Number of protein chains: 4
Amino acid sequence: MLLEASAKGVYPIAPTPFEPDGRIDFNSIDRLTDFYVGCGSTGMTVLGVMGEAPKLDGLEALEVATRFIKRAPSLPVIVGVSAPGFAAMRSLAHAAMDAGAAGVMIAPPNTLRTDDQIVTYYRQAAEAIGADIPFVIQDYPLNFTVVMTPGVLRRIIADNPSCVMVKHEDWPGLEKISTLRKWEAEGSLRHVSILCGNGGLFLDFETERGADGAMTGYAFPDMLVDVVRHAEAGERDEAHDLFDAHLPLLRYEQQQGVGLAVRKHVMARRGLIASDAQRAPAGGLSVAAKAEIEYLLARLARHDKRAAVA
Amino acid sequence: MLLEASAKGVYPIAPTPFEPDGRIDFNSIDRLTDFYVGCGSTGMTVLGVMGEAPKLDGLEALEVATRFIKRAPSLPVIVGVSAPGFAAMRSLAHAAMDAGAAGVMIAPPNTLRTDDQIVTYYRQAAEAIGADIPFVIQDYPLNFTVVMTPGVLRRIIADNPSCVMVKHEDWPGLEKISTLRKWEAEGSLRHVSILCGNGGLFLDFETERGADGAMTGYAFPDMLVDVVRHAEAGERDEAHDLFDAHLPLLRYEQQQGVGLAVRKHVMARRGLIASDAQRAPAGGLSVAAKAEIEYLLARLARHDKRAAVA
Amino acid sequence: MLLEASAKGVYPIAPTPFEPDGRIDFNSIDRLTDFYVGCGSTGMTVLGVMGEAPKLDGLEALEVATRFIKRAPSLPVIVGVSAPGFAAMRSLAHAAMDAGAAGVMIAPPNTLRTDDQIVTYYRQAAEAIGADIPFVIQDYPLNFTVVMTPGVLRRIIADNPSCVMVKHEDWPGLEKISTLRKWEAEGSLRHVSILCGNGGLFLDFETERGADGAMTGYAFPDMLVDVVRHAEAGERDEAHDLFDAHLPLLRYEQQQGVGLAVRKHVMARRGLIASDAQRAPAGGLSVAAKAEIEYLLARLARHDKRAAVA
Amino acid sequence: MLLEASAKGVYPIAPTPFEPDGRIDFNSIDRLTDFYVGCGSTGMTVLGVMGEAPKLDGLEALEVATRFIKRAPSLPVIVGVSAPGFAAMRSLAHAAMDAGAAGVMIAPPNTLRTDDQIVTYYRQAAEAIGADIPFVIQDYPLNFTVVMTPGVLRRIIADNPSCVMVKHEDWPGLEKISTLRKWEAEGSLRHVSILCGNGGLFLDFETERGADGAMTGYAFPDMLVDVVRHAEAGERDEAHDLFDAHLPLLRYEQQQGVGLAVRKHVMARRGLIASDAQRAPAGGLSVAAKAEIEYLLARLARHDKRAAVA
């Protein structure tokens, strides 16, 4: 099962669950995977740079990816393979594909500046991993400081047949989606899947602009699935009603650095993982922050029963 | 009337209204000022770097500031005086104070990196403008790439008696407010006013953490006033209910670069200014974006009649 | 006298001389200008961003530029007009041209990232100042963090007939010069003048690659003139012999932040200006640094008598 | 043999030699190591981030480090272990020490900004690798954009007894060395070794300011050894005479990105390695650049016979 440019729906970015003592919590990987499958996810993404993938060493990373993949044989799994160099990227990409991954995701190093540097980097990365491995461009300027114009994305897609998806998390980014879809309609760009990240902060409108779904880690992936389904069914108000109810919490989770602690805390409160433990270096939650999350959950639960965790 | 460390409430960041042909629209300055006063603002801030102040030349900038100041004799007005060098900063600061400003706001140049560089910069800036002019620290890492720890803010406040306020727009920034207020409670930091920016994206919790109010440019400053008033009155649910109703639009306005176009568009739709014109270079709104704003306003109007602009 | 694309030779970047009490030292402007003219400079550049132009307020900046221009009626003078916004840039550009400047120099704001952003910025800047004012692109990534590929320079030159010169200070930058000259030879790029900055660190080879000369502020502009003359005359070894003798000092001057203090100190030791005073904020020289400079001058004087200042 | 704070002399940064087809050239590792030992190096550093270490996968990296270590049993070898996360850093550090390394070098990730962030990072890194592994701080703002004040270095050294060396490549950096040595003389900072990098561009004065030697990759490590020896013997003029003769070439090698190609090319011309091949992505040398290097070598050979490679 290889990732295809026709991919749609929700590929949750999976956090790496840990035991309080720092060991990998494989049971929670299973539980979380079952939840993703059960709520209607159409794929999964593991070892994202925003999660705790860099806190794993090479063997652990492969073990984690493999566990997710084995638990969800029906879902295509994308494995993050961003690395400081192409040799390590190739090694991890091949190992991931051997373990059953459907494709890989590549983020740009934050030293890239010019259009040509970005295009060249992706061409070299695609050559390094091999043309037979489908890959995803991660377009996240807020985190990587690498700014890709629509024209740069078009060049990368044109250069590399194995590029099948854009993880779109530019901000602002609505016009970028419209531009890519317009070029596709005009015939100057082949179709690739566009799944949206950036915490889901603009998912309500991104689907309307032509995105195929979401790839982000919000603690209610089931909400993401519902919003994308409503949008696809043309149920605009329903999509926005549900999205808006979650927006106060989703916005709260969207805090650089702190966000992962919020996310794991809510996931643990929901029972999706056993513990909100992070490996060092980890940003913890203050008493005040935890109380704010409880308040947000209680307010959300008035609209969405899934938030009733008390 | 000089700005004081006891300042509270809402100081809207005023945009600069233009005619469609690029001339300054002084009538809209009057109209906007009247609105700010009428809705309960406790001050105003003009010539912010995020607005179009850099598109004014020196004489125009002073004219704009003066017009706002004269129209609202009862309100303290803060004037942005950030400049590439201290000579220009001093000139503008003195001219603004002569025109009746209550204080000035200083953003850090985006070349500062170390704690000492930041502290030194503010000491030199305070010396340049003179110790008798109250000033505001603008702490906005997302835009300026200058990261100030709570300890750096404490050093700046301790060094400079004329520092009376922090425009807090760090993100995430809730713990920073708590830390500053804790230090104040312990006696290791004198009180300064903390007004929150970053589009108001976390205003609901910032007031609960100890902020004194808001200083941002959201197109519904009247909502900001109400939220701050509810918070001060201990009406927590009312504050959040109103804030949450606005959050989808507020979040939509919080798009770097595009945000000002959204803000002016909504303000023009509300009749607060005559036109949403910007001086070049300006990011316009697509047809799709304008339709999204209408949809957001219509949804908001179900909860807040002030959004019923159709 | 307007700046032309055929410009050659050396346009020294002039520092702004100050009295020890911070006042502008106009007499030293005259003395320095006479020296520039006397040693064979073919132009001058004033109010550069790397000098102390930002420490002048608007009126002072114009006074300084005018004094240089009036003192050297035979030389074309380029005035730096980089500014946070186009309104201030236009005002300064027009005032400078009215005072007799030959052209203006524009540096990119350090927020630009993509190729299109850079090209658009220069198009808007050229429109803002007007098509009748010749301008210079300042290409200095080390300082501005804006990276311009040869292709971006070609687009700017093609878009803007009033672009007549590139101040080339990319590092490394030798291949960039070769590429631009190759395109010119092929007919795909019109000729513009290329003068080299970055402290002159690669001037020996830049002239061989096709640069037309130097635009930098090294404390021995007379050496720059000689090196460019030797190069133009095909006296390769003589050019390198002289350059290499200066390289230890030139390299010492090429220290970000500290460099200006070194430069002014040596210029004052040579009698080109009365004092090495800088306006605050200024980096001073330690006793050790001053002794190192004396040692370097003494060593240099063995090869170049002009360095015998003791 | 563990790295100690009393380390002195020259620790060349070793490039990774490759065959033209991209395989690791182990014979050249041996030959290069023999040269380092033979010319008087007191240690070696391998797997630096500026070399091609990121182009090796994990197993290769360890093979390369081990080969260098085994070939020079008399020299302490420092292994670069910078990594995106602490798990990978710990794995590589332990493997390197098991293979016989004397210590490890850690560069800061380029996302660090505040003083506290930098200090915390090194504390966490030291904990991750374990207190028994001596480590080196790599202080290279030009490359990493992380600026460490002398005070930050003092905090890191005070916090971590296993910190024994600073690889100093700040620019400008002479005053930083003086400050650290002054603090040491005053008793407020324990002694650590300071070896200088940044291509050696200021080595002539760095040794006079109190540095203990060099750790850089210039293609004439034998010159570095001689300069440090002269400096230690108080032969100031001899040190500068030799250094100045090399400065034109050394400066030419000091071109970000291109520099490694120059370095390998000269090393191959000298016979220190068999080929100047780099793994992709690699910047090659143009015909013009190669001719410039020949010219520089020929000029240098008039003063230093070791450059007579023709």
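Above: the structure in question.
These lines cover the structure that appears in this document, whether it is placed above or below.

What counts, and where the lines are drawn
- Residues numbered from 1 in each chain as written.
- Chains lettered and ligands numbered in written order.
- Predicted model: local features only at pLDDT ≥ 70, side-chain atom pairs only at ≥ 80, totals over all residues.
- Heavy atoms only, no water.
- Buried < 20%, exposed > 50% of the residue type's maximum accessible area, 1.4 Å probe, protein only.
- Helix = DSSP H or I, 4+ residues; strand = E, 2+ residues; numbered from the N terminus.
- Pairing = 2+ DSSP bridges.
- Right-handed = clockwise from strand over helix to strand, strands pointing away.
- Expected span 1.5 Å × (residues − 1).
- Contact = heavy atoms within 4.5 Å.
- Least-squares fit on C-alpha atoms with pLDDT ≥ 70 in both.
- Axes fitted to C-alpha atoms, helices over the stretch in contact; angles between N-to-C directions.

1. Considerations on the pairing of strand 4 (residues 103–106) of chain B
All names here are of chain B.
- Here strand 4 shows two buried faces, one formed by Gly103 and Met105 and the other by Val104 and Ile106.
- The pairing of strand 3 (residues 77–80) with strand 4 spans three bridges and is classified as parallel. Across the sheet, Val79 pairs through a bridge with Val104, a residue of strand 4.
- As judged from the three bridges shared by strand 4 and strand 5 (residues 135–139), these two strands associate in the parallel manner. Following the sheet pairing, Ile106 is matched in strand 5 by Ile137.
- Taken together, strand 4, helix 4 (residues 115–129) and strand 5 form a β-α-β motif whose crossover is right-handed.

2. Overview of helix 9 (residues 221–232) of chain D
Residues and elements named next belong to chain D.
- The end-to-end C-alpha distance of helix 9, which contains 12 residues, comes to 17 Å, matching closely the 16 Å that a straight helix rising 1.5 Å per residue would cover.
- Counting buried positions over the 12 residues of helix 9 gives nine, a clear majority of the element.
- For helix 9, the complete set of buried residues consists of Pro221, Asp222, Met223, Leu224, Val225, Asp226, Val227, Val228 and His230.
- On its buried side, helix 9 packs onto strand 1 (9–10), helix 1 (26–38), helix 8 (203–209), strand 8 (213–214), helix 10 (236–253) and helix 11 (259–270).

3. Digging into the environment of Ile69(D)
Residue and element names in this part refer to chain D.
- Mapped onto the fold, Ile69 is located in helix 2 (residues 58–71).
- On a C-alpha basis, the gap between Ile69 and Met1 in space is 11 Å, while along the polypeptide they are 68 residues apart.
- Setting aside anything within four residues of it in sequence, one finds Ile69 in contact with Val77, Val79, Ala96, Ala99, Gly100 and Ala101.

4. Overview of the relation of the copies chain C and chain D
- At an RMSD of 0.0 Å, chain C and chain D line up after a rotation of 180 degrees and a shift of 0.0 Å along the axis. Considering both components of the superposition, the chain copies are consistent with a two-fold axis. Minimal C-alpha distance to the rotation axis in chain C is attained by Leu247(C), lying at 3.7 Å.
- When the interface residues of chain C are mapped onto chain D, 100% of them again lie at the interface, so the same face is used by both copies.

5. Some remarks on the sheet that holds strand 3 (residues 77–80) of chain C
All names here are of chain C.
- Here eight strands make up an open sheet; going across it, the order is 1-8-7-6-5-4-3-2 and the pairing parallel. Edge positions in the sheet fall to strand 1 (9–10) and strand 2 (44–46), since each of these pairs with one other strand and no more.
- The sheet contacts of helix 6 (residues 150–159) involve strand 5 (135–139) and strand 6 (163–168), and relative to strand 5 the element is tilted by about 170 degrees.

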